[in-house]
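# Notes for the structure review
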Amino acid sequence: MSFNDFKRNVILSDIPQFDISFEGILDHEPTFNCLKDFLIESKSTELNSCLEKITEFRKMKSENKKTIIAIEIYDKFIKERSNNEINLPAEQKLKIKQIVNLLNNKTVENKTIESNKTIENNEEQQQQQQLTIGQINNLMKQTFDELESTILIMIKESKFKTFLESDIFKKFIQTQKLYVLTEIGTPKIDSTFNYIHSLTNLNSDFFTINDFKFLKNKMLDNSKEEWDIVSQSKNHKCYLSTKTWDFGTSVGLQIFKFEVEFPYTVQQVMNTLCELEYRYEYDGELKRTDIVKLIDKEIHNSEENIPQNSLALASAVTSEMYKIIWPIADREFVGPNSAIYDPNSNSHIIGMKTMEPKPYLPEAKKGVIRGNALGGWLFQPINNNNNNNETTSSGTRYIQLFYMDFKGKLPKAIIKKSIIARSKRFYKLGMKYLEKNEKRGFICNDDAGLFWCLKQNGSVAL
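Read on for an overview of the structure. Source: prediction; values computed, not measured.

The helix and strand tally for the protein stands at 15 helices and 14 strands. Split into buried and exposed, the 462 residues of the protein put 48% on the buried side. Sequence-distant contacts, at least 24 apart, represent 69% of the contacts inside the protein between residues at least 6 apart. As displayed, the protein offers around 24100 Å² of accessible surface, 50% of which is attributable to carbon and sulfur atoms.

Where helix 2 (residues 29-41) contacts helix 3 (residues 45-59), the axes come no closer than 7 Å and their chain directions differ by 135°. Judged by the inter-axis angle, helix 2 sits oblique to helix 3. Side by side, helix 2 and helix 3 meet where Lys 36, Leu 39 and Ile 40 of the first sit next to Thr 45, Asn 48 and Glu 52 of the second. A breakdown of the residues in the contact of helix 2 with helix 3 according to their chemical character gives 2 nonpolar, 2 polar and 2 charged.

Taken as a whole, helix 15 (residues 450-457) has its buried residues at Leu 450, Cys 453, Leu 454 and Asn 457. For helix 15, the angular spread of the buried residues around the axis is 100°, confining them to a single face. In this fold, the buried residues of helix 15 make contact with helix 12 (266-273), strand 9 (315-322), strand 10 (330-342) and strand 11 (347-353). Just downstream of helix 15 lies Gly 458, where phi reads positive at about 65°.

In this section: the packing of aromatic side chains. Inspection of every chain in the model, using the stated rule, returns 29 aromatic pairs. Arranged with centres 5.3 Å apart and planes meeting at 80°, the rings of Phe 22 and Phe 160 form a pair that is edge-to-face. Pair noted here: Phe 22 is in helix 1 (residues 22-26) and Phe 160 is in helix 7 (residues 160-165), with a separation of 138 residues, a long-range link. By the burial criterion, Phe 22 is buried, and Phe 160 matches it. Arranged with centres 6.3 Å apart and planes meeting at 15°, the rings of Phe 256 and Phe 402 form a pair that is stacked. Of the two residues, Phe 256 sits in strand 7 (residues 256-262) while Phe 402 sits in strand 14 (residues 391-405), which places them 146 residues apart along the sequence. Assessed through its relative accessible area of 8%, Phe 256 is described here as buried. Each residue in the set Phe 256, Phe 258, Phe 262, Tyr 278, Tyr 282, Trp 377, Phe 379, Tyr 398, Phe 402, Phe 426, Tyr 427 and Tyr 433 is aromatic and connected to the rest through ring pairs, giving one cluster.

Before going further, it helps to examine unusual backbone geometry. The phi dihedral of Asn 346 falls on the positive side, at around 50°, and the residue is not glycine. Examined against the element boundaries, Asn 346 turns out to sit in the loop between strand 10 and strand 11. Owing to a relative accessible area of 31%, Asn 346 belongs among the partly exposed residues under this scheme.

Within strand 9, 8 of the 8 residues are buried, leaving the element largely enclosed by the surrounding structure. Along strand 9, one buried face is formed by Ser 315, Val 317, Ser 319 and Met 321 and the opposite face, lined by Ala 316, Thr 318, Glu 320 and Tyr 322, is buried too. In this structure, strand 8 (residues 286-295) lies alongside strand 9, joined through 8 bridges in antiparallel fashion. When the sheet's bridge partners are listed, Asp 290 is paired in strand 9 with Ser 319.

This part is about empty space enclosed by the protein. Summed over the entire model, instances satisfying the criterion amount to 1 cavity of 30 Å³ or more. As for the largest cavity, its lining consists of Cys 274, Leu 276, Arg 279, Thr 289, Glu 320, Asn 337, Met 352, Asp 447, Ala 448 and Leu 450. Looking at side-chain class alone, the lining of the largest cavity contains 5 nonpolar, 2 polar and 3 charged residues.

Considering the arrangement of structural elements, one finds Arg 440 in the loop between helix 14 (412-438) and helix 15. For Arg 440, the residues in contact, after removing those within four places along its chain, are Glu 275, Glu 277, Tyr 278 and Asn 445. Looking at Arg 440, its side chain comes within polar contact range of the side chain of Glu 275, at 3.0 Å.

So, on to the nonpolar core. Among the nonpolar cores identified, the biggest contains 73 residues, and Ile 20, Met 140, Phe 144, Leu 147, Ile 173 and Phe 214 are the most heavily contacted of them. Val 266, Val 269, Cys 274 and Cys 453 belong to the second-largest nonpolar core, a separate cluster that totals 33 residues.

Another aspect to go through is the pattern of salt bridges. One pass over the full model with this rule turns up 24 salt bridges. Close ionic contact of Lys 216 with Asp 342 constitutes a salt bridge, the shortest N to O distance being 2.9 Å. With Lys 216 in helix 11 (residues 209-220) and Asp 342 in strand 10, the pair connects residues that are 126 residues apart, well separated along the chain. Between Arg 279 and Glu 320 there is a salt bridge, and its shortest N-O distance comes to 3.1 Å. Residue Arg 279 is located in helix 13 (residues 276-282), and its partner Glu 320 is located in strand 9; the two are separated by 41 residues in the primary sequence. Assigned by exposure class, Arg 279 and Glu 320 land together as buried. Several salt bridges share partner residues, and in doing so they unite Arg 58, Lys 141, Asp 145 and Glu 148 into one network.

Reading the values: the criteria
Residues numbered from 1 in each chain as written. Predicted model: local features only at pLDDT ≥ 70, side-chain atom pairs only at ≥ 80, totals over all residues. Heavy atoms only, no water. Helix = DSSP H or I, 4+ residues; strand = E, 2+ residues; numbered from the N terminus. Buried < 20%, exposed > 50% of the residue type's maximum accessible area, 1.4 Å probe, protein only. Contact = heavy atoms within 4.5 Å. Areas by Shrake-Rupley, 256 points an atom, 1.4 Å probe, with all protein chains shown as cover. Axes fitted to C-alpha atoms, helices over the stretch in contact; angles between N-to-C directions. Parallel < 35°, antiparallel > 145°, perpendicular 65-115°, else oblique. Nonpolar A, V, L, I, M, F, W, Y, C, P; charged D, E, K, R; others polar. Arc of directions from axis to C-beta. Phe/Tyr/Trp six-rings, centres within 6.5 Å; stacked < 30°, edge-to-face > 60°. Pairing = 2+ DSSP bridges. 1 Å grid on protein atoms, 1.4 Å probe; cavity = no way out; pocket = protein on both sides within 12 Å on 5 of 7 lines; lining within 4 Å. Points joined across faces, edges and corners; volume = space filled by probe spheres on them. Polar contact = N/O pair within 3.5 Å; in protein donor to acceptor, adjacent residues only side chain to side chain. Core = buried A, V, L, I, M, F, W, Y, C linked by side-chain atoms within 4.5 Å. Salt bridge = Lys/Arg side-chain N within 4 Å of Asp/Glu carboxyl O.

Distances and angles like these do not, on their own, reveal function.
See the structure below:
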């Protein structure tokens, strides 16, 4: 199953990506039961047993049975020098003891009444005594609520961290579905799961900071756990993700990316590769790009409870038409593009993704299939130190990442072969158009709204 399919089982590497809360575990019965098992194994049985007895006390309807359990809780867990005595504050112990003494006294009084049933008034007296016991049990319930809270705080402070690190928890959580982690915790700020939601749904017509965090993470991480190298030479490296991903209606596809280095500045490379005139040539199948709508940057309002990372960045909704060799139908990709500068990695990042239909979008032309796509370009200066210990740029590191579902019956093997071939020839193609653009002063006449987005969004620290 795909990495972001929340119906798959949890794997160990998922756990550190979530902040698991003690309160979340209390509300999730299977995980709470696992915590109880841990308490037993760690020889903290008195805490677990006391909680179970308090739960049993609450469930009882009979006041007499409640009284028996209340006295049992006191004798086993509260009374001084009992085998399972819990280390509680002295005031709390005294309060419980006083209420239990009341229950003991009323129990004796009831027994005396029952042994001297000679007149009808005794029945009325017994009802009054039972009502009094009920009132005392209500007081006992409030006291046990406080006791339960104290025990849970003790567990949280002294046992919870150890529990999350224990083999018992790790073995248990791997039997659960991924969505369970969202029920007992929340994704960490820099977790993949925190910023994948909008990309997964493909329901927005703009980019967010979270979207760019995902793209940056995938473009700059070359770890063996995440990527396999499928092609490389002195001028390029092409990677295929080790995991599969779901985006919108596209299920179980891998992400491709390739990396090349050009001996030109970032601005020169950006002005060349973003120029539509050149894109139509080096992209081959790309035949048309139209701007459908420009989305303004959403200004953060501190009074509104909207996470900053989820606000709209300036985006250009475009339609890109790809001409495919007959008899395969042409493909169209419709969705927002955007651009930012990330000072943390000293990179300019361009993002592209498709979106679900909106009322303002034109209908797909007859015989054209709309595909799903997610991708990005990253431009990063290659810095060197000269003899004077000054940092100078010797070129640009360019990374292109894409997840493409052409839909229809286009075989995946053909797509993979085409992408690998593209990565192999991209350095040569890039150099061709860089040299060509150099002759006219590295201008960019038509960038399909990308530089407008970059100017609106500016610097965004990811």
